[in-house]
Amino acid sequence: MPCSDSLTGKAIRADRDALFADTSLHGKSFCRAYSNRADAWLTTLLGSERDVALVAVGGYGRAELAPGSDLDVVLLHKGRPRSDSDVRALAERIWYPLWDAGLKLGHGVRTVKEALALAATDLDTATSFLDVRLIAGDSSLSDDLARRAEAQWQSRSDRWLALVGAAVAERHERAGEVAFLLEPDLKEGRGGLRDVHAQHWAEAARRILLEGDEATLASAYETLLGVRVALHRRTGKASDRLLLQEQDGIAADLGYADADALMAEVAAAARTIAWTSDETWDRILSSVKGPRGRTAPADRHVGPGIVIRDGVVELTAEAEPLSDPTLVLRAGAAAAEAGLRISRAAIDRLAVEAAPLGDPWPEEARLAFVRLLGAGAAAIPVIETLDQRGLMTRTLPEWEAVRNRPQRNAYHRFTVDRHLCETAAEAARLTSRVRRPDLLLVGAFLHDIGKGHPGDHSEAGVNLVDKIGPRIGFLPDDISILKTLVRHHLLLAETATRRDLADEATISAVVAAVGNQTTLELLAALTEADSLATGPAAWGSWKAGLIAELVERTAPVLAGQRARTAPEPPPDGTVELIARAKLAEALVLDGEGPLVTVVAPDRPGLFWRVAGTLALHGLDVVSARAWSSADGFAIERFRVQSVFGRTPDWSLVESDLNRVLAGRLSLEARLADRARDYASSPRPPSAAPARLEVSVDNDASDSATVIEVRAPDRIGTLYRITKALAELELDVRLAKVTSLGHEVVDAFYVVDHSGGKVTDEDHLREIQRGIAVHLA
């Protein structure tokens with residue numbers, strides 16, 4: 001290394017770039033190498049100065065420099081007789097080459113007394129001084145600061161820990177969950193690196209971590225640190241958000257099979273950190289805020305071998321996990337029903353001593369399992385505790401395949417296992433609607449269990465439930481219902497949003513799949529629970545109304561009555577709108593909330609022109625239906641939602657529609673302009689690219705051909721599909737559009753020029769080809 005006078009920013013930058021190019025270094029080894037290199041630069045820059053010390057603090061103090069990390073350094077000095085200007089000159093001699101090298105430097109120049117004074121009032125400074133490490137110079141200064149900063153922290157621990165706990169909660173709320181977000185913040189998110197730092201600060205105040213916590217945290221921390229280093233190196237940026245577009249490359253850099261494997265490891269590490277953090281802060285804040293000098297409440301026995309003591313669920317001295325296979329689930333149910341944790345001593349004992357459940361389970365175990373799920377949201381942290389100690393896979397071996405399994409699209413909020421927990425929690429709120437709450441809860445918990453296996457996840461799930469059901473102890477008829485729930489958990493949602501509910505064939509298909517009223521009401525509740533647990537885009541009043549209508553139409557048929565399949569009539573007010581259109585000799589539009597009715601002289605291509613104009617005004621169509629009047633007018637009603645979140649000016653929409661019909665406005669050009677703007681704006685990310693699929697079904701309806709299109713969600717998709725249909729002389733009688741975040745699934749009921757189904761095979765192939773070309 002050159003002497004201090006010749007160590008330039010250019011030399012430092014070259015040295016750093018050589019280090020960053022060394023692909024043999026990953027994670028902690030990279031951080032240590034970078035920290036050592038930075039130590040060498042600073043040691044050289046300080047030279048042989050006396051009565052001063054350069055100390056690293058915070059992450060640099062821990063020797064954890066990632067490529068984008070700041071170098072947090074304090075130049076300590078003894079004050080007089082050295083002048084302030086002399087110290088400032090020394091500091092600038094050290095800092096400037098680092099700045100010239102493009103390094104981000106967090107720096108300070110202080111006496112030990114000044115440093116401690118700042119740490120007495122500033123939380124960030126106080127925590128950074130818990131990781132003081134001498135780089136070069138007078139070790140007595142660094143030792144003095146480290147010793148006194150720790151003592152000062154400990155002397156004010158109640159105040160500091162309350163502040164850190166509040167900061168942890170605020171950060172979690174702001175940054176979200178590392179384990180479940182599609183693009184997690186590896187540092188600031190719940191279960192991220194900062195949570196380990198916070199527990200380290202708490203441990204410096206008082207002995208708080210339990211046996212095994214440090215090793216467990218260290219392993220999980222190293223996983224996230226390795227990903228963070230790879231992210232910084234690959235992007236050349238200091239951002240800690242693991243963007244979707246970087247996940248495949250980072251997986252390759254770190255030797256994972258694919259991005260799913262990477263994100264599963266990230267989720268596993270983050271969940272371990274989050275669980276340990278929750279446990280730690282629960283104990284800390286209870287001790288900080290808890291009552292002093294009060295008599296502890298008496299033990300409350302909640303079952304053989306289980307007691308609530310000091311706000312947690314404990315095992316009694318008489319409990320016998322080795323001989324009581326029901327104890328794990330009974331303890332879990334007791335904790336969830338009371339909204340409490342299972343104590344660490346109890347869960348660790350169960351992890352070591354719990355007896356196998358056997359096959360089949362004892363009846364008491366099945367009842368306890370249902371009680372646990374029936375506790376709703378309170379069951380989720382309890383199941384997480386069981387999972388962290390390996391008790392979930394021992395209870396349900398099939399859990400292993402879905403554990404931490406990512407669902408890498410914007411439609412789903414959670415990994416598969418957490419989604420199952422969330423669905424069961426949502427189902428617990430709906431148990432009063434069904435005759436078999438136990439089947440609803442267990443069906444909700446198992447509905448996606450097949451996602452850890454090849455092929456269609458519903459069919460894979462049915463095969464698994466065929467084994468799980470008898471093992472849990474359900475009777476054959478109940479197992480049959482559970483299998484139906486798993487096989488058809490998407491049936492009501494897909495039918496309601498993609499099929500004509502007034503078509504007898506639609507209702508007949510649902511009746512054949514469901515079989516009985518009990519299963520129908522269970523499926524309705526499961527559909528709502530599944531949708532709510534999936535994410536905000538998966539449930540709303542419109543979808544709820546469609547499913548309610550589907551159930552209402554299906555239930556009488558299951559009871560032996562005829563299907564109520566009268567065609568939906570044109571909307572109220574149509575006669576008046578036709579009169580207005582005749583008088584104006586132009587298209588008339590009536591917008592009311594999310595519904596817009598268009599009346600115009602019937603002409604080929606009216607539907608696609610309306611769809612394109614609505615898209616031009618930022619209106620996404622979610623459903624549409626068309627009628628024809630006896631006097632030659634087309635009536636088209638659209639249900640729309642604004643991408644801008646506001647009601648449009650319907651007079652402007654009507655004006656543009658008439659300009660389109662008159663050939664005075666180019667939809668293609670205008671939509672192309674909007675598409676360019678859309679392409680440059682943020683969109684929901686997804687791991688899998690949206691695929692284009694066009695399928696034709698002549699059995700789904702008695703009166704029309706059903707064309708289903710799965711395609712990327714782009715500006716004007718509906719316009720392009722319906723334009724392709726119009727070119728092939730097809731009339732759209734009904735359209736339903738479902739958005740899945742990055743893609744849409746659209747269903748169209750179409751008839752040919754004679755008003756019948758499309759049956760010619762060449763025509764059907766041409767429909768598929770035409771739609772594909774228009775969407776290319």
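Described below are features of the structure shown in this document. (Residues numbered from 1 in each chain as written. Predicted model: local features only at pLDDT ≥ 70, side-chain atom pairs only at ≥ 80, totals over all residues. Heavy atoms only, no water.)

Before going further, it helps to examine the overall build of the protein chain. In terms of helices and strands, the protein chain carries 32 helices and 16 strands. When the backbone C-alpha atoms are referred to their principal axes, the protein chain occupies close to 105 × 70 × 45 Å. In the protein chain, which comprises 776 residues, the proportion classed as buried is 54%. If you take every contact in the protein chain between residues at least 6 apart in sequence, the share linking residues at least 24 apart comes to 71%. Distance from the positive charge centre (92 side chains) to the negative charge centre (112 side chains) of the protein chain: 4 Å. (Helix = DSSP H or I, 4+ residues; strand = E, 2+ residues; numbered from the N terminus. Buried < 20%, exposed > 50% of the residue type's maximum accessible area, 1.4 Å probe, protein only. Contact = heavy atoms within 4.5 Å. Lys, Arg positive; Asp, Glu negative; His and termini not counted. Charge placed at Lys NZ, Arg CZ, Asp CG, Glu CD.)

This brings us to the sheet that holds strand S5 (residues 300–303). Whether parallel or antiparallel, the strands of a sheet pair through hydrogen bonds between backbone atoms. If you trace the four strands from one edge of the open sheet to the other, you get S5-S6-S7-S8, paired in mixed fashion. Strands at the two margins of the open sheet, each flanked by one partner only, are S5 and strand S8 (341–342). Examined bridge by bridge, strand S6 (residues 306–309) and strand S7 (residues 312–315) share four bridges and lie antiparallel to one another. Residue pairing across strands places Ile308 opposite Val313, the latter belonging to S7. Across the sheet, helix H13 (residues 327–338) lies against S5, S6, S7 and S8, angled at about 30° from S6, the strand it touches most. (Pairing = 2+ DSSP bridges. Axes fitted to C-alpha atoms, helices over the stretch in contact; angles between N-to-C directions.)

Overall, the coordinates contain twelve aromatic pairs when judged by the stated rule. Ring centres of Trp399 and Phe445 lie 5.0 Å apart, and the angle between their planes is 10°; on these two criteria the pair is classed as stacked. Of the two residues, Trp399 sits in helix H18 (residues 399–402) while Phe445 sits in helix H20 (residues 437–446), which places them 46 residues apart along the sequence. Residue Trp399 shares its accessibility class with Phe445, and that shared class is buried. Aromatic ring contacts, followed pair by pair, group Phe20, Phe30, Tyr34 and Trp41 into a single cluster. (Phe/Tyr/Trp six-rings, centres within 6.5 Å; stacked < 30°, edge-to-face > 60°.)

An α-helical segment advances 3.6 residues per turn. Residues three or four places apart therefore align on the same side. Here helix H22 (residues 476–487) spans 16 Å end to end across twelve residues, near enough to the 16 Å set by a 1.5 Å rise per residue. Considered for burial, the residues of H22 that qualify are Asp478, Ile479, Ile481, Leu482, Thr484, Leu485 and Val486. In this structure, the buried side of H22 is in contact with H20, helix H21 (457–472), helix H24 (504–514) and helix H25 (517–534). (Expected span 1.5 Å × (residues − 1).)

Taken together, four strands build an open sheet; the order of strands is S3-S2-S1-S4 and the sheet is mixed. The outermost strands of the open sheet, each flanked by one partner alone, are strand S3 (105–110) and strand S4 (133–137). Put simply, the sheet's adjacent strands are angled 25° from each other on average, direction ignored. Bridge analysis of strand S1 (residues 52–56) against S4 gives four bridges, and the strand direction is antiparallel. Across the sheet, the residue bridging to Leu54 is Ala136, located in S4. Docked against the sheet, helix H2 (residues 27–46) engages S1, strand S2 (71–77) and S4, running at close to 30° with respect to S4. Sheet strands touched by helix H5 (residues 112–119): S2 and S3. Its angle to S3, the strand with the most contacts, is close to 120°.

Direction vectors running N to C along H13 and helix H15 (residues 363–374) enclose 25°, while the axes themselves pass 8 Å from each other. Relative to H15, H13 is oriented roughly parallel. In this structure, the crossing between H13 and H15 has a hand that is left-handed. Along its contact with H13, which presents Leu329, Arg330, Gly332, Ala333, Ala334, Ala336 and Glu337, the element H15 presents Glu364, Ala365, Ala368, Phe369, Arg371 and Leu372. Partitioning the contact of H13 with H15 into residue classes produces eight nonpolar, one polar and four charged. (Parallel < 35°, antiparallel > 145°, perpendicular 65-115°, else oblique. Left-handed = near helix turned anticlockwise from the far one by under 90°. Nonpolar A, V, L, I, M, F, W, Y, C, P; charged D, E, K, R; others polar.)

The next subject is the pattern of salt bridges. Here the structure, examined in full by the defined rule, presents 63 salt bridges. Linking Asp348 and Arg389 is a salt bridge whose minimum nitrogen-to-oxygen distance equals 2.7 Å. Highlighted residues: Asp348 in helix H14 (residues 344–353) and Arg389 in the loop between helix H16 (379–388) and helix H17 (391–395), separated in sequence by 41 residues. With a shortest N-O distance of 3.0 Å, Arg625 and Asp500 are connected by a salt bridge. (Salt bridge = Lys/Arg side-chain N within 4 Å of Asp/Glu carboxyl O.)

Of all seven residues in strand S10 (residues 595–601), five are buried, a share of seventy percent or more. Hairpin geometry of strand S9 (residues 588–592) and S10 is characterised by an intervening segment of two residues between the two adjacent antiparallel strands and by a positive phi of about 65° at Gly593. Both S10 and strand S12 (residues 633–642) contribute to a ladder of seven bridges, which runs antiparallel. Residue Val599 lies in a different strand from S12, and its bridge partner there is Ile635.

That bond from Asp359 to Pro360 is cis: its omega, 5°, falls within 30 degrees of zero. Tracing the sequence through the fold places Pro360 in the loop between H14 and H15. Unlike most non-glycine residues, Asp51 shows phi in positive territory, near 60°. You can see Asp51 is positioned in the loop between H2 and S1. For Asp51, a relative accessible area of 41% gives the class partly exposed. Although it is not a glycine, Asp310 sits at a positive phi angle of roughly 55°. For Asp310, the location among the structural elements is in the loop between S6 and S7.

Turning next to the environment of Leu589. Here Leu589 shows up in strand S9. Separated by twelve residues in the primary sequence, Leu589 and Leu577 place their C-alpha atoms 8.0 Å from one another. Among residues more than four places away in sequence, those in contact with Leu589 are Arg580, Val596, Thr597, Val598, Trp650, Val653, Glu654 and Leu657.

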